[in-house]
Amino acid sequence: VYVDLNLDFRLPKKHTLAQYLAVRQANKVEGEVSETQDGRLATALEALACHPALVLLGAPGSGKSTFSTYLALSLAEAGLGHPAALERLGQDWKYGPLLPVRVTLRKFSESLPADLSQGRAVHLWQFIDDELIKCGLPKDVAPVIHDMAEKGGALFLLDGLDEIGEVARKARVLEAVTEFIRNAGPFCRFLLTARPYAWIDLQPSPTELPVRYSLACFDHGQIQTFIDRWYQAVQVLGWISASDVTEKTTSLQKAIHRADLRPLAENPLLLTLMATLHTNRSRLPDDRADLYDEVVRLLLQHWSTASGAERSLLDALAMPSLKLDDLRNMLEQVAYEVHASQVGVASRGGMASHGDRGGTADISETTLLAAFRPLLGGSWDKAALILTYIETRTGLLLGQGPRDGVRQFTFPHRSFQEYLAGCYLARQVDFNSRAVVLARAAPDHWREALVLAARRAGRERGVAVADELLHHQDVDAYRRKIKRISELDWRCAVLAGMQLLELGQATLDSSEAARVVRERAAGWLAALLEAGALPVLERVQAGEKLALLGDLRDLEELVEIPAGKFWMGSDVEFDADAWDIEEPRHEVSLEAFKIGKYPVTVKQWGYFVAQTGYACDPKSLEGDANCPAVYVSWHDARAYCEWLTGEWRKTGHIAADEIVRLPREAEREKASRG
């Protein structure tokens, strides 16, 4: 069912990624081989072949870990003598059947001493050696691996940098990885995966960082390919009959065109869950919280369905009063507690401590036995029976094998852990106060769980917890009281906006109290953008949320630039960041003028097109309402300005003798310099 992944990086159709990079390097001018609107997306396999060391950033469920596993499987099969396996890696792969070595960075992080001052390559080698021994291989295998990497090459798959919660610990891991990349061997290649936010707070030397790309969402073609392959596969497995394949395939392909489901289908994990549900249901849920809920129920039901001679779990436990929801509630608590333990937050008190570490947790059988026993009259045997079903049947927990003689389990994906932790939070009477404590202790780690928790809590409680994160105050009132808003307050405001949007626009429109909190959150996010708070990627995300909440700023505001002289340009001799074309620095005198405080937005451009019937590139109408309009030519912009002159004269926004036009270079530079 695997579908090749694309990067969020567009290049001309006639170029391979290798050709594109070569031309750019030869010209040393980005504009000569620019990304074009009719280009194609580069693929992850192309990037892997082009760059000896590669960082792949992707959102939860975007396919990072699956891509890593797919590479390991393909190279392992090639190493065992299946030449066709190498063909899966694409025509750009010229490195033969490299030895695949997978490293889970969360586990590597946990192996490091707590007081380690610097991560080194030797620490990573030692971890790999220890993992081989834990797999049951003899000690003399480790030197063979070292020798193969040095002489023949290996592909080191370093998975899940985002699953290390503490920034300092992430830095130690990255130090070790960076030195490891330099010294592992001349024929080695490296792939490191992470969620985007895990990279923002790391600032190592740019010269030592591997090349970074972000994964794109699934496009229409990839979604269609996945669905086709899915129903071919499940028919082979006997889940559906051959006569149902065409009908089921067509039905799901139509369903994903629904406005509410298309964004979900663009995520590989959620598309997989949708396909699983669609195979077993006649209709798909409407949003991701309901989608997760349905999948959780589906996976729980798999434990409690008779299979051949094997009884269902509930029958085997022989406790008529026990329900699947009882097991679910206990799993929600386990998910919350292990998620909390990853950042050192006490599961009940909610206080932060040091030594944070995040990510999908390994859960020991001891923890699960202790959790299930109270439901089973204190019986260890029945608790052990549940673990046997978990280990032998795919469900909400997956067996990971023993570690130090104790069986380990984990959730299939971090998203499940976060969703179930959110479900547990939503059931707590102190949900509001606890959510604020968790958000302020580790906002990145708890973001998804708290957003989903608000949705599970319902309108009144969900809106209330968002308002709690906003201090129950408009941003201006809070600023007058506190003087300076902290970075943590800004992040909590973004989280509040995400919670409100997760509740849905219809829910927010259904009560006056919800509308008030939505406008309050929008005010906070607008103030965040105006203040330039948070790193740029987070500001972009805040702006996207603001567009959906309703951007109340005057995006047609004009700023007065007074007449006078200013120094234009730069001198390379005195400014290391200057460009040759900026020379020489010279004094320029300009008359007074007004300039738009903001770029022309998609909404403003779209209104012009709708009013005039202007023929434009359809792509220029895409995007959030408050985002800058793109794919607009010089002629398009001139037409817009001429139309806007008339409109603004009618409304008095400009005087009768004033016109709207594009700024000249000197005007734009003076305004930009402030």
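Residues numbered from 1 in each chain as written. Predicted model: local features only at pLDDT ≥ 70, side-chain atom pairs only at ≥ 80, totals over all residues. Heavy atoms only, no water.

### Some words on the overall build of the chain
No. 1: Summing up its helical and strand segments, the chain has 30 helices and 14 strands in all.
No. 2: What you see for the chain is a C-alpha radius of gyration of 28 Å, in line with the 26 Å of a compact globule of 674 residues.
No. 3: Seen along its three principal axes, the alpha-carbon backbone of the chain occupies a region of about 90 × 65 × 60 Å.
No. 4: Long-range pairs, those at least 24 residues apart, make up 70% of the contacts in the chain with a sequence separation of at least 6. (Helix = DSSP H or I, 4+ residues; strand = E, 2+ residues; numbered from the N terminus. Rg over C-alpha atoms; globule rule 2.2 N^0.38 Å. Contact = heavy atoms within 4.5 Å.)

### Focus on the sheet that holds strand E4 (residues 99-104)
No. 1: On the basis of which strands lie adjacent, the open sheet formed by 5 strands has the order E4-E5-E6-E3-E7 and parallel pairing. Lying at the two open borders of the sheet, with one neighbouring strand each, are E4 and strand E7 (211-214). The sheet shows a mean angle of 20° between the axes of neighbouring strands, direction not considered.
No. 2: The strands touched by helix H6 (residues 121-134) are E4 and strand E5 (154-159); relative to E4, the strand with the most contacts, the crossing angle is about 100°. (Pairing = 2+ DSSP bridges. Axes fitted to C-alpha atoms, helices over the stretch in contact; angles between N-to-C directions.)

### Re the nonpolar core
The nonpolar side chains of a soluble globular protein tend to be buried with one another.
No. 1: Ranked by internal contacts, the top residues of the largest apolar core, which has 93 residues, are Leu7, Phe67, Leu71, Phe372 and Leu396.
No. 2: What Leu71 contacts, discounting residues up to four positions off in sequence, is Leu45, Leu48, Leu89, Leu155, Leu157 and Leu191.
No. 3: By size, the runner-up hydrophobic cluster in this structure holds 52 residues, among which are Tyr424, Ala496, Ala514 and Ala527. (Core = buried A, V, L, I, M, F, W, Y, C linked by side-chain atoms within 4.5 Å. Buried < 20%, exposed > 50% of the residue type's maximum accessible area, 1.4 Å probe, protein only.)

### Re unusual backbone geometry
The bulk of non-glycine residues show a negative phi, and the bulk of peptide bonds are trans.
No. 1: At Leu534, a residue that is not glycine, the phi angle is positive and equals roughly 70°.
No. 2: Looking at the element boundaries, Leu534 is found in the loop between helix H26 (512-531) and helix H27 (536-549).
No. 3: When its relative accessible area of 10% is taken as the criterion, Leu534 is described as buried.

### A closer look at the confidence of the model for the chain
No. 1: Residues at a pLDDT of 70 or more form 91% of the chain, whose mean pLDDT is 87.
No. 2: Averaged pLDDT values for the elements of the chain fall to 62 in helix H9 (residues 197-200) and rise to 97 in helix H28 (residues 602-612).
No. 3: Throughout residues 29-35 the model reports pLDDT below 50, and contacts reaching past four residues in sequence, or to other chains, amount to 14 contacts.
No. 4: When the criterion is pLDDT under 50, residues 345-359 qualifies, and its contacts beyond four places in sequence or with other chains add up to 45 contacts. (pLDDT = per-residue confidence, 0-100.)

### So, the pattern of salt bridges
No. 1: Evaluated as defined, the whole model comprises 42 salt bridges.
No. 2: When the shortest N-O distance is used, the salt bridge between Arg479 and Asp476 registers 3.5 Å. Linking Arg479 with Asp476, this pair stays in helix H23 (residues 475-482), spanning 3 residues, or about one helical turn.
No. 3: Close ionic contact of Glu557 with Lys597 constitutes a salt bridge, the shortest N to O distance being 3.9 Å. Placement of the pair is Glu557 in the loop between H27 and strand E11 (558-561) and Lys597 in the loop between strand E14 (593-596) and H28, with a sequence separation of 40 residues.
No. 4: Among the charged side chains, a salt-bridge network with shared partners connects Asp293, Arg297, Asp325, Arg328, Glu332, Arg427 and Arg456. (Salt bridge = Lys/Arg side-chain N within 4 Å of Asp/Glu carboxyl O.)

### Concerning helix H16 (residues 324-341)
No. 1: With 18 residues, H16 should reach 26 Å at 1.5 Å per residue; the first-to-last C-alpha distance of 26 Å fits that figure.
No. 2: For H16, the buried fraction is high: 13 of the 18 residues fall into the buried class. (Expected span 1.5 Å × (residues − 1).)

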